[in-house]
Amino acid sequence: MPFILEGLQRLEYRGYDSAGIAVADNGVVARCRAAGKLANLAAALQRTPLPGVLALGHTRWATHGKPSEENAHPHCDCSGQLVVVHNGIIENYFALKESLARQGHQFASETDTEVLAHLIEEKIKGLKSAGPAAAPDLTEPLLFEAVRLALGDVSGAYALAVLWSKAPGVIVAAKTASPLIIGLGDGENFLASDVPAFLAHTRKAVFMEDGEMAVVKADSCRFFSLAGKRIEKPVTNIQWDRTMAEKGGYRHFMLKEIYEQPTACEDTMRGRFFPLQDDGVLLRDAGLDAQTLRQARQFHLIACGTAYHAALVGKYWLEAMTGVAAHTEAASEFRYRESTVGKGDLVLAISQSGETADTLAAVRQAQKKGAKVLSICNTVEAAIPRAADFNLYTHCGLELGVASTKAFIGQLTALAVFSLHAAVVRGRMSESAAREFVEELVRMPGAIRAALKLDDQIQELARKFRKKEHFLFIGRHVNYPIALEGALKLKEISYVHAEGYAAGEMKHGPIALIDEDVAVLAIATRSQTFEKMASNCQEAKARGAQVIAITTQGDPPLPGADFRLELPAVPELLAPLVNVVPLQLFAYHISDLRGCDVDQPRNLAKSVTVE
Ligand code: AGP
């Protein structure tokens, strides 16, 4: 078993709140699972070693169900002899679970993964009862066919591996939307979510694509489409060392996480749209009753740092879509102020770590005053979600870079989906308008991908500006918070003086700062305030500043801009999801060029648990 534990240790950077192993030996599958760090699993295995060389291991970053032993993977079917490990989100797991329960299945966990194990078991039963014509006589093809049929009932994201005591020597795997890589060894083969897990054993890897399956044995590996058709796959020779592999080949975790933003957006909205009405999937997911949402007197969005900037964007969305007042405040201020929050208010506490002391204190303060609290958090069962009344988790995966990027996109996505549900439940948005909004929102990951294509151009710009010591970021309306976020990114990882301002405020003082030592980043994408932003650029240029404008492809030229970064056209209200990307990349490249520690900038911590 050491090679599985070692592989899991290599994946701990992807998140860990519980872990487990299942081993097939002599026709029996045995499991060992433990909550907490991997060391707890290792200790459990010391006490009860599991013999055998065919095994599945999993280190969990919870999305559904709290971190606990019973929620730890691998999960099994009723027999306990068919086990599954899974990375991803099964969107329709609730409906599948209800249907399986009606067929007599009993569940031991809150996870979507356990539903998969029982679904496969049901498919095996179905194939066997359909007689020899349908059920392959060998258990290996029977297992393959049962997994393939089960995935036909599933919607969502998965990288999964299945082991069954009755199909000795074989693992059946499948991939859609979550990463799955096969390591081809000498007389041994490996499956993993990421290369570091098996890099010590082999550098030959097959990167599976969406809609593919694999049948993996010690001495063979065959690939199939979900339709069951055999396919050939190229083998890649991995050149990375282990550290590079943990960063997916990127120089820093921050850059890797910037590139993971389309997936963070997709995974956070996945399965959270329809039905939108009172029993909407989002409300059930958050544990929020429609009455609380419908009767909320006002919203209060409370957070710190980058999460506070997400709250500022959320204000525009909630007020525009629900017509209800949405107040925003830095948690460090809210907790000491005699605020008007009270009974009937809904407080949204936004936090990537879920451990920020000021935000936690603000949650408790709001509850003391009679308000209900919904947390928007990326860490299941952290202190803030545990204290909150309702929880809407972002599904961004572990964010290691101290500078928050993909978690910010996850927070915006969760706020957009929440605003949509609030608008529909409060009768402020029709079903057809809601569907239109969803269609626009599901296009955002693609727009973020398009923005990432500007990386080389932005790196070039960063070279030109790497010695600049003063930056002003300006934006209007929903882009004002993005100006603040762009400035925060630059200052926290490059130690450069950078300020974000509402562009309309420039003439009330800040414009006095502008001269040839100042660079101005203007967010001038397509919007009702485009002309005003164009004037801001000219005013800055006229005073000697160098101006970088973030604009929309196809929009009129901006005479006051020295440089333009052109983004795809997106609906004005949703533009923050895309406009932040070039600013993140700009901050990253300036920091890297200045030789700063991008992932662990000086004086900062990933989670500020002190006051
Ligand atoms: C953002 O890049 C910083 N790391 C910091 O401002 C962070 O957003 C803030 O400390 C809040 O953290 P949280 O989201 O974990 O509560």
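One can find the structure itself at the top, above this paragraph.
Each value, and the rule that gives it
Residues numbered from 1 in each chain as written. Predicted model: local features only at pLDDT ≥ 70, side-chain atom pairs only at ≥ 80, totals over all residues. Heavy atoms only, no water. Buried < 20%, exposed > 50% of the residue type's maximum accessible area, 1.4 Å probe, protein only. Helix = DSSP H or I, 4+ residues; strand = E, 2+ residues; numbered from the N terminus. Arc of directions from axis to C-beta. Contact = heavy atoms within 4.5 Å. Pairing = 2+ DSSP bridges. Axes fitted to C-alpha atoms, helices over the stretch in contact; angles between N-to-C directions. Near = heavy atom within 4 Å. Polar contact = N/O pair within 3.5 Å; in protein donor to acceptor, adjacent residues only side chain to side chain. Areas by Shrake-Rupley, 256 points an atom, 1.4 Å probe, with all protein chains shown as cover. Parallel < 35°, antiparallel > 145°, perpendicular 65-115°, else oblique. Nonpolar A, V, L, I, M, F, W, Y, C, P; charged D, E, K, R; others polar. Right-handed = clockwise from strand over helix to strand, strands pointing away. 1 Å grid on protein atoms, 1.4 Å probe; cavity = no way out; pocket = protein on both sides within 12 Å on 5 of 7 lines; lining within 4 Å. Points joined across faces, edges and corners; volume = space filled by probe spheres on them. Expected span 1.5 Å × (residues − 1). Salt bridge = Lys/Arg side-chain N within 4 Å of Asp/Glu carboxyl O. Left-handed = near helix turned anticlockwise from the far one by under 90°. Core = buried A, V, L, I, M, F, W, Y, C linked by side-chain atoms within 4.5 Å.

**Describing helix α2 (residues 38-47)**
Thinking step 1. Here α2 has its buried residues at Leu-38, Leu-41, Ala-44 and Leu-45. Considered in projection along α2, the buried side chains sweep an arc of 115° and stay on one side of the axis. Those residues of α2 that are exposed and aimed more than 90 degrees away from the buried face are Ala-39, Gln-46 and Arg-47.
Thinking step 2. Those residues of α2 hidden inside the fold are in contact with α1 (2-10), β1 (18-25) and β2 (28-35).

**Digging into the sheet that holds strand β5 (residues 82-90)**
Adjacent strands of a sheet pair through backbone hydrogen bonds, lying either parallel or antiparallel.
Thinking step 1. If you walk across this open sheet you meet the seven strands as β4-β5-β6-β7-β11-β12-β13, and the pairing is antiparallel. The open sheet has two edge strands with one neighbour each: β4 (75-76) and β13 (230-231).
Thinking step 2. Of the pairings in the sheet, the one linking strand β7 (residues 171-176) to strand β11 (residues 212-217) comprises five bridges and is antiparallel in character. Directly across from Val-172, in β11, lies its bridge partner Val-215.
Thinking step 3. Packing against the sheet, helix α5 (residues 139-152) makes contact with β5, β6 (156-164), β7, β11 and β12 (220-225), and its axis sits at approximately 160° to β6.

**As for the sheet that holds strand β16 (residues 326-330)**
Thinking step 1. Strand order in the open sheet made by the five strands is β16-β15-β17-β18-β19, with parallel pairing throughout. Of all strands in the sheet, those with a lone pairing partner are β16 and β19 (390-393), marking the two edges. Direction aside, neighbouring strands of the sheet carry axes that sit 20° apart on average.
Thinking step 2. Here five bridges tie strand β15 (residues 299-303) to β16, and the two strands are oriented parallel to one another. The residue of β16 that forms the bridge with His-300 is His-327.
Thinking step 3. Seen against the sheet, helix α11 (residues 305-322) touches β15, β16 and β17 (346-351) and runs at an angle of roughly 175° to β16.

**Observations regarding the site of the ligand**
Thinking step 1. Around the ligand, 14 residues are found, and the nearest of them are Ser-351, Gln-352, Ser-353, Thr-356 and Glu-492.
Thinking step 2. In this structure, Ser-351 approaches the ligand through a side-chain N or O atom, which is 2.7 Å from an oxygen atom.
Thinking step 3. Between Glu-492 and the ligand, the recorded distance is 2.5 Å, taken from a side-chain N or O atom to an oxygen atom.
Thinking step 4. Within the complex, 91% of the 410 Å² of free accessible area of the ligand lies under protein.
Thinking step 5. Contributions of two or more residues to the shell around the ligand are made by α11 and α19 (480-494).

**As for the pairing of strand β23 (residues 546-552)**
Thinking step 1. Summarising burial for β23: six of the seven residues are buried, a large majority.
Thinking step 2. Bridge count for strand β22 (residues 518-523) against β23 is five bridges, and the pairing is parallel. Bridge assignment links Leu-521 to a residue of β23, and that residue is Ile-548.
Thinking step 3. Two elements, β23 and strand β24 (residues 563-567), share five bridges in a ladder whose sense is parallel. Note that in β24 the partner of Thr-551 across the bridge is Glu-566.

**A word on the packing of helix α8 (residues 261-269) against helix α17 (residues 444-452)**
Thinking step 1. The geometry of α8 relative to α17 is characterised by a closest axis approach of 8 Å and an angle of 170° between their N-to-C directions. Taken together, the axes of α8 and α17 are roughly antiparallel relative to one another. Of the residues in α17, those touching α8 at Gln-261, Pro-262, Thr-263, Cys-265, Glu-266 and Met-269 are Met-444, Pro-445, Ile-448, Arg-449 and Leu-452.
Thinking step 2. Here the contact of α8 with α17 is built from residues that sort into seven nonpolar, two polar and two charged.

**A look at the pairing of strand β21 (residues 497-502)**
Thinking step 1. For strand β20 (residues 470-475) and β21, the ladder comprises six bridges, and the chain directions are parallel. Considered in β21, the bridge of Phe-471 is made with Ala-498.
Thinking step 2. Handedness of the β-α-β unit built from β20, α19 and β21 comes out right-handed.

**Notes on the environment of Ala-450**
Thinking step 1. By the secondary structure assignment, Ala-450 is in helix α17.
Thinking step 2. In the structure, Ala-450 is positioned 354 residues away from Leu-96 in sequence and 35 Å away in space, judged by C-alpha atoms.

**Here's the deal with empty space enclosed by the protein**
Thinking step 1. The tally for this structure, following the rule as stated, stands at one cavity of 30 Å³ or more.
Thinking step 2. Within this model, the largest cavity holds a volume of roughly 40 Å³.
Thinking step 3. The wall of the largest cavity is formed by Thr-525, Arg-526, Thr-552, Pro-568, Ala-569, Val-570, Pro-571, Glu-572, Ala-575 and Asn-579.
Thinking step 4. For the lining of the largest cavity, the class distribution of residues is five nonpolar, three polar and two charged.

**Digging into helix α13 (residues 357-368)**
Thinking step 1. Here α13 spans 17 Å end to end across 12 residues, near enough to the 16 Å set by a 1.5 Å rise per residue.
Thinking step 2. In the core, the buried residues of α13 are packed alongside β15, α12 (331-334), β17, β18 (372-377) and α14 (383-387).

**Re the pattern of salt bridges**
For side chains of opposite charge, pairing can occur when their charged atoms come near one another.
Thinking step 1. Here the structure, examined in full by the defined rule, presents 28 salt bridges.
Thinking step 2. Note that Glu-329 and Arg-337 form a salt bridge whose closest N and O atoms lie 2.6 Å from each other.
Thinking step 3. Overall, Glu-329 belongs to the buried group, its relative accessible area being 15%.
Thinking step 4. Under the relative-accessibility criterion, Arg-337 is labelled partly exposed at 35%.
Thinking step 5. Through salt bridges with shared partners, a single network forms among Glu-91, Asp-267 and Arg-270.

**Comments concerning the packing of α8 against helix α15 (residues 406-425)**
Thinking step 1. Axis separation between α8 and α15 bottoms out at 8 Å; the angle between their running directions is 30°. The pairing of α8 with α15 is recorded here as roughly parallel in orientation. When the axes of α8 and α15 are compared, the crossing they make is right-handed. On α15, the residues that touch Gln-261, Ala-264, Cys-265, Thr-268 and Met-269 of α8 are Lys-406, Ile-409, Gly-410, Thr-413, Ala-414 and Val-417.

**Quick word on unusual backbone geometry**
Thinking step 1. Omega for the bond connecting His-73 with Pro-74 falls within 30 degrees of zero, at -5°, which places this linkage in the cis form.
Thinking step 2. Looking at the element boundaries, Pro-74 is found in the loop between β3 (54-60) and β4.
Thinking step 3. In the segment running from Phe-274 into Pro-275, the intervening peptide bond is cis, with an omega of 0°.
Thinking step 4. Along the polypeptide, Pro-275 turns up in the loop between α8 and α9 (281-286).
Thinking step 5. The backbone phi angle of His-477 is positive, close to 60°, even though this residue is not glycine.
Thinking step 6. Tracing the backbone through its elements, the reader meets His-477 in the loop between β20 and α19.

**Looking at the nonpolar core**
Thinking step 1. Core analysis: the largest hydrophobic core is formed by 93 residues, its most contacted members being Phe-299, Trp-317, Leu-348, Phe-418, Leu-420, Leu-441 and Phe-471.
Thinking step 2. Ranked by residues supplied to this core, first place goes to α15 with 13 residues.
Thinking step 3. Those residues in contact with Phe-299 that lie beyond four places of it in its chain are Leu-293, Leu-318, Thr-322, Val-324, Ala-325, Ala-326, His-327, Leu-346, Leu-348, Phe-418 and Ala-422.
Thinking step 4. Judged by nonpolar contacts, the second largest core, of 32 residues, contains Ile-90, Val-147, Val-162 and Phe-224.

As far as function goes, none of this settles anything; it's purely spatial.
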